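# Working through the structure, step by step
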Amino acid sequence: MKELCFSGIQPTNVVHIGNYIGAVKQWADMQHRYPCMFCIVDLHAITVPQDPATLRQNNLRLASTYLACGLDPKRSHIFLQSEVAEHTELAWILGTITKIAELERMTQFKDKSIKRGENVGVGLFTYPALMAADILLYDTTIVPVGEDQLQHLELTRTVARRFNQQFGETFIVPKSLVQETGARIMGLDDPTGKMSKSAKSSLNYIALTDSDEDILKKIKKAVTDSDGIIAYDPLTRPAVSNLMTLFHHATGITMKDLTAQYEGKGYGAFKQDLADALIAMIKPIREKIEHYMSDPASLGKILDAGRDEAKALAEAKMKIVRERVGLGR
Ligand code: TYM
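Keep in mind that what you see is a predicted model, and the values were worked out from it rather than measured.

### Looking at the overall build of the protein chain
The helix and strand inventory of the protein chain stands at 13 helices and 5 strands. What you see for the protein chain is a C-alpha radius of gyration of 21 Å, in line with the 20 Å of a compact globule of 329 residues. Based on the C-alpha atoms only, the size of the protein chain along its principal axes is roughly 75 × 45 × 40 Å. For the protein chain, the proportion of contacts with a sequence separation of at least 24, taken over those separated by at least 6, is 76%. Element-wise, carbon and sulfur atoms account for 53% of the exposed surface of the protein chain, whose accessible area totals about 15700 Å². For the protein chain, the distance from the average site of its 40 positive side-chain charges to the average site of its 40 negative ones is 2 Å.

What follows is the structure, encoded as structure tokens:
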């Protein structure tokens, strides 16, 4: 079977180190092993209200972020979801075989709809059918994501199997890929919940565009546990374990070595060194994002090429899907 890796991020608010460590960092490695497609999922972004001018800007900023994090347009197709209309067409078709009860079970929908109260659009509910379409359209075999997307991936697999059963073998049933550590980075101000772009306070996350001063400030203010010990145990020491995970991903130092290194030193020295390590990781990315943003012509060419490649694959697949379903003449 020909392997293909597909993943995407919503162009909303900021990209934070949770997105980086949980997703993009492993994408950069994947592209050396498999053909890859990385999508900017702007149609998913509008499932909650967006300011149009800001959304456009976020699309370009996210494309710049992909490049700044090491995604290489020579190896990977980088493109905007809304520029390949087949995503929405397939989402509609998959929506007809997705059960309401399945969508009602989605944690992300439940969380987001509780926050929004009455103001919940149908798009937020059917969001997983569009995500399934993104993935199945390209005969994707591997989907590298953070832990919060696993439930959507499971539904994608269910829908793919159901379609194949009903209409004949059409879609590959994809596998998800999550990191051993770092698949769920927790909020700096509240380590009981995941780090989130839509958190009320910006102290919850470190964005890839944060200044060195902001990174230091946020780490200094990050919640810690009460016993003052640097040791990895997410159950009893969720705050410090989360900070250790960030440290490990920024430096490669193991949890065991971190514990030995900071024995008896308390949180002060640990936090200062963690901030320095994060600055060293983020600063080059931040500078590259600005570089790509300052050259919209080159960025445009990369997105045009990505769109053309994606479109060719998507058109071919949709011909088969329409025929299987019996659409048209
Ligand atoms: P999104 O935009 O919320 O997040 C993008 C990626 O970042 C991961 N992530 C995290 N990883 C670790 N710790 C965290 N705190 C954290 N927060 C987010 C997410 O798991 C994700 O991998 N529905 C998707 C976007 C999408 C998609 C797709 C992904 C649309 N179509 C097809 C894969 C394949 C989403 O909202 O991700």
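### A short note on the pairing of strand β1 (residues 5-9)
Across the 5 residues that make up β1, a large majority, 4, are buried. In terms of strand pairing, β1 meets strand β2 (residues 36-40) through 5 bridges, oriented parallel. When the sheet's bridge partners are listed, Cys5 is paired in β2 with Cys36. Assessed by its sense of winding, the connection that carries the chain from β1 through helix α1 (residues 17-30) to β2 is right-handed.

### Quick look at the site of the ligand
Close contacts around the ligand come from 28 residues, with Gln10, Tyr127, Asp134, Asp148 and Ile185 the closest. Within the side chain of Asp148, one N or O atom sits 2.4 Å away from an oxygen atom of the ligand. When the free accessible area of the ligand is taken as 720 Å², the share hidden by the protein chains comes to 97%. Broken down by secondary-structure element, the contributors of at least two residues to the shell around the ligand are β1, α1 and α7 (122-136).

### Points about the packing of aromatic side chains
Under the criterion given, the structure shown has 11 aromatic pairs. Judged by centre distance (5.0 Å) and plane angle (65°), the ring pair of Phe109 and Phe125 falls under edge-to-face. One end of the pair, Phe109, is in helix α6 (residues 107-116); the other, Phe125, is in helix α7, and 16 residues separate them in sequence. As far as the burial class goes, Phe109 and Phe125 line up, both buried. Clustering of aromatic rings is evident, with ring pairs tying together Phe6, Phe79 and Tyr138. For the cation-ring pair, Lys265 lies above Tyr262, with the distance from its terminal atom to the ring centre recorded as 5.7 Å.

### Topic: the domain arrangement of the protein chain
Per the domain assignment, the segments of the protein chain are domain 1 (5-183 + 296-325) and domain 2 (202-290). Its C-alpha centre places domain 1 at a distance of 30 Å from the equivalent point of domain 2. In this complex, domain 1 contributes 15 residues to the contact, which on the side of domain 2 involves 15 residues. Interface area for domain 1 against domain 2, summed over the two sides, is near 1400 Å², with a carbon-plus-sulfur share of 72%. Looking at the side of domain 1 facing domain 2, the largest losses of area belong to Ile17, Ala68 and Thr181, adding up to 37% of the total buried there. The interface formed by domain 1 and domain 2 contains 1 salt bridge. In this structure, Glu290 and Arg61 form a salt bridge, with 3.4 Å as the shortest nitrogen-oxygen distance. The interface formed by domain 1 and domain 2 holds 5 residue pairs in polar contact (both at pLDDT 80 or more) in total. Every element with two or more residues in the side of domain 1 that touches domain 2 is listed here: α1 and α3 (52-68).

### Regarding the environment of Thr158
Relative to the helices and strands, Thr158 resides in helix α8 (residues 150-167). Spatially, the C-alpha atom of Thr158 lies 35 Å from that of Gln57, the residues being 101 residues apart in sequence.

### Some words on the pairing of β2
The buried count for β2 comes to 5 of 5 residues, which makes it a mostly enclosed element. Side chains Cys36, Phe38 and Ile40 project from β2 onto one buried face, and the interleaved Met37 and Cys39 project onto a second face that is buried too. Bridge count between β2 and strand β3 (residues 76-80): 5 bridges; the pairing is parallel. Residue pairing in the sheet places Phe38 in a bridge with Ile78 of β3.

### Quick look at empty space enclosed by the protein
Rolled over the atoms, a probe as big as a water molecule pinpoints where empty space is left. Throughout the structure, instances matching the rule amount to 1 cavity of 30 Å³ or more. The wall of the largest cavity is formed by Met106, Gln108, Phe109, Leu124, Tyr127, Pro128 and His152. Elements that contribute at least two residues to the lining of the largest cavity include exactly α6 and α7. Looking at the lining of the largest cavity, the element that brings in the most residues is α7, giving 3 residues.

### Some details on unusual backbone geometry
Phi is positive for Asn13, close to 45°, though the residue is something other than glycine. Take Asn13: it is sitting in the loop between β1 and α1. Judged by relative accessible area, Asn13 falls into the partly exposed class, the value being 47%. Despite not being glycine, Asp139 has its phi angle at roughly 55°, a positive value. Tracing the sequence through the fold places Asp139 in the loop between α7 and β4 (142-144).

How each quantity is defined
Residues numbered from 1 in each chain as written. Predicted model: local features only at pLDDT ≥ 70, side-chain atom pairs only at ≥ 80, totals over all residues. Heavy atoms only, no water. Helix = DSSP H or I, 4+ residues; strand = E, 2+ residues; numbered from the N terminus. Rg over C-alpha atoms; globule rule 2.2 N^0.38 Å. Contact = heavy atoms within 4.5 Å. Areas by Shrake-Rupley, 256 points an atom, 1.4 Å probe, with all protein chains shown as cover. Lys, Arg positive; Asp, Glu negative; His and termini not counted. Charge placed at Lys NZ, Arg CZ, Asp CG, Glu CD. Buried < 20%, exposed > 50% of the residue type's maximum accessible area, 1.4 Å probe, protein only. Pairing = 2+ DSSP bridges. Right-handed = clockwise from strand over helix to strand, strands pointing away. Near = heavy atom within 4 Å. Polar contact = N/O pair within 3.5 Å; in protein donor to acceptor, adjacent residues only side chain to side chain. Phe/Tyr/Trp six-rings, centres within 6.5 Å; stacked < 30°, edge-to-face > 60°. Lys NZ or Arg CZ within 6 Å of the ring centre and 35° of its normal. Domains from an automatic or database assignment. Buried area = accessible area lost by both parts, 1.4 Å probe. Salt bridge = Lys/Arg side-chain N within 4 Å of Asp/Glu carboxyl O. 1 Å grid on protein atoms, 1.4 Å probe; cavity = no way out; pocket = protein on both sides within 12 Å on 5 of 7 lines; lining within 4 Å. Points joined across faces, edges and corners; volume = space filled by probe spheres on them.

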